[in-house]
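# Notes for the structure review
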Amino acid sequence: MKLLLLLGDQLCLKHPVLQHLNPATDHILMAELPDEASYVPHNKLKIALVFSAMRHFAAALMQQGFSVHYYQYTDTKDRWQSFDALLQYQLSCFAYQALYLVEPGEHRLQSQFNQWADSLPVPVRQFDSHHFIFSRQQMLDWFAGKQQPRMEHFYQWARRQTGLLMSGSNPEGGKFNFDKHNRRAWPANLTPPKAQRFDTDDITTKVLALVEKEFAQNPGRLEHFHFAVTACQAEQALDDFIQTRLANFGDYQDALADDEPGVFHSLLSAYINLGLLAPITVCRRAEAAYYQGQAPINAVEGFIRQVLGWREYVRGLYWHCGEDYANNNHFNATHPLPKWFWQGTVRMRCVQQAVGNSLHLAYAHHIQRLMVIGNFALLAGLDVKQVCQWYLAVYIDAFEWVELPNTLGMALYADGGLLASKPYAASGNYLNKMGSHCQHCPYSPKLLTGNKACPYNSLYWRFIDIHQQEFAANPRMALMVSQWHKKSHEQRSAIRHWADGLIRRIDSL
Ligand code: FAD
Ligand code: DLZ
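None of these values were measured; they are calculated from a predicted model.

## A look at the site of ligand 1
The environment of ligand 1 is formed by 30 residues, the closest being His265, Ser266, Leu267, Tyr363 and Asn406. One of the side-chain N or O atoms of Ser266 is found 2.7 Å from an oxygen atom in ligand 1. Within the side chain of Tyr363, a nitrogen or oxygen atom sits 2.7 Å from an oxygen atom of ligand 1. Coverage of ligand 1 by the protein amounts to 99% of the 820 Å² it exposes when considered alone.

Have a look at this one:
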């Protein structure tokens, strides 16, 4: 008699571990647990999605004949805080001969699993995760010994390994990467199609009531819950993206659109991360759209690069770097988070939209996460751990293995350049070029100092000034240092003075 523990982000009905179970005798354990629901103040929408998807998944398993022991939050909250406590109880109730586990997404749980292997009275067997294209070991092997393990190198390797968008040994379209064709600014009067919304059924309705009651203080507005909660619905969301938005995904991948939270993005990250959609299926579907002439190469390659490239790569980096990665703070950034990160009210329009969407919808697209919020945090020197905690809390798709490398490595350059070859730092000019926010903003991207000046401008030069010694030695940053020095002494002091003032009154920007 075996017990399989499945976590809330392991919702894959095709996982091979299920074939190792005998439905007549073995059990599956799933639980909504206080420790998991509160290791950060998760967005209410995320808790609701995880709980509802877990309940639907348990029902699907039972329909297939499996015996599922499912503990709802109201059962666990006063009795078992953690997997450890619940597992001890479950093991005491039945004469299990083995515990099966599926590789967890993060170090915290992997340490716990390792302890169980040593301490539990039954043998423990861990199966590989099934919602990545490459195994953890394949990724560790790829990273091993590389001084500069860049995503682009990994991506080309991954394209060759999978054959995705390959014509023999050559990349479709003649090159591996079309990112120069992913940078169109947002044009006036373009309205992207709305993503498919899913009605709430009885299970979800009950979960929403539970979350509203138990997590009342957490960020998030549950009236925006319209997510897919089953694999079948997630497939529909994938179809909807392929049919209505993929073709334009490439052109506007980096665009910022005022009042259009999704632009042409897929909104699939949470489904892939929970195990409802397999990343290889997502890539193959996009590839098929290219071969059927439904979407151009810059869209399909751009999209596949995100899933096959970035998603696999950051997961590999997370395991390659180990638990200490979270302690990196290359620039010694320690300024506390401004209050508006959690409250959502700030005058800078691009930040207001990005932070507001993050808090209320649990979503912001990549450029909002990177070049609006992350860029601000980088320039202002915000505390790395606080920023990472915020990202882990607010987004529907946030799990440490993906959030941490993206936030600490990509947005904050806190790993000193392991992930990125230069900091993703930009002034108001970039934000103005890529989108339509500035037209609705009280600040001007053209001014450097003064009450109407876009705060990104002076903060950008202050950042270059503070780190000029390091940046002068980086070929990709040296030009900015020399431009800084082309400004007169008076200009530089005025900018420094203004930027320091912004930092002092950061809560009221
Ligand atoms: P699309 O733009 O449609 O991209 C398609 C898919 O590619 C996504 O669904 C996702 O699975 C994958 N993808 C794209 N970019 C990345 C990336 N950089 N890393 C990993 N996968 C990627 N993504 C998360 O899934 N969880 C997070 O917690 C998370 N935190 C982030 C924090 C920061 C600071 C930054 C800059 C990025 C973060 N990302 C995270 C990556 C990316 O922003 C989101 O995956 C994406 O915005 C999700 O929206 P989408 O599904 O519409 O993506
Ligand atoms: C994110 C999350 C939440 C909010 N709640 C649960 C839960 O109650 N039970 C559970 O099994 N998993 C939950 N999860 C997902 C886990 O925290 C996830 O497995 C880890 O973050 C590893 O990626």
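## Considerations on the environment of Lys385
Summarising the element assignment, Lys385 is placed in helix H17 (residues 384-394). For the pair Lys385 and Leu337, spaced 48 residues apart in the sequence, the C-alpha separation amounts to 9.9 Å. In contact with Lys385, other than residues within four places in its own chain, are Ala326 and Asn327. One polar contact links the side chain of Lys385 to the main-chain carbonyl oxygen of Ala326, over a distance of 3.3 Å.

## Comments concerning the sheet that holds strand S4 (residues 98-102)
On the basis of which strands lie adjacent, the open sheet formed by five strands has the order S3-S2-S1-S4-S5 and parallel pairing. The open sheet has two free edges, formed respectively by strand S3 (67-71) and strand S5 (124-127), since each of these has just one partner strand. Here the average twist between neighbouring strands, direction ignored, is 25°. Alignment of strand S1 (residues 2-5) against S4, held across four bridges, turns out to be parallel.

## Examining the packing of aromatic side chains
To describe a pair of aromatic rings, one takes the distance between the centres and the angle between the planes. Under the defined criterion, the tally for this structure stands at 38 aromatic pairs. Geometrically, the ring pair formed by Phe134 and Trp157 is tilted, given 5.0 Å between the ring centres and 40° between the ring planes. You can see Phe134 sitting in the loop between S5 and helix H6 (136-143) and its partner Trp157 sitting in helix H7 (residues 151-162), a full 23 residues away along the chain. Taking the relative accessible area as the measure of exposure, Trp157 reaches 25% and is therefore partly exposed. Ring centres of Phe249 and Phe303 lie 5.4 Å apart, and the angle between their planes is 90°; on these two criteria the pair is classed as edge-to-face. Residue Phe249 is found in helix H10 (residues 246-249), and its partner Phe303 is found in helix H13 (residues 297-321); the two are separated by 54 residues along the sequence. Exposure remark for Phe249: the relative accessible area of 4% places this residue in the buried category. Through a chain of ring-to-ring contacts, the aromatic side chains of Phe134, Trp142, Phe143, Phe154, Trp157, Trp310 and Tyr313 assemble into a single cluster.

Cut-offs used in this document
- Residues numbered from 1 in each chain as written.
- Chains lettered and ligands numbered in written order.
- Predicted model: local features only at pLDDT ≥ 70, side-chain atom pairs only at ≥ 80, totals over all residues.
- Heavy atoms only, no water.
- Near = heavy atom within 4 Å.
- Polar contact = N/O pair within 3.5 Å; in protein donor to acceptor, adjacent residues only side chain to side chain.
- Areas by Shrake-Rupley, 256 points an atom, 1.4 Å probe, with all protein chains shown as cover.
- Helix = DSSP H or I, 4+ residues; strand = E, 2+ residues; numbered from the N terminus.
- Contact = heavy atoms within 4.5 Å.
- Pairing = 2+ DSSP bridges.
- Axes fitted to C-alpha atoms, helices over the stretch in contact; angles between N-to-C directions.
- Phe/Tyr/Trp six-rings, centres within 6.5 Å; stacked < 30°, edge-to-face > 60°.
- Buried < 20%, exposed > 50% of the residue type's maximum accessible area, 1.4 Å probe, protein only.

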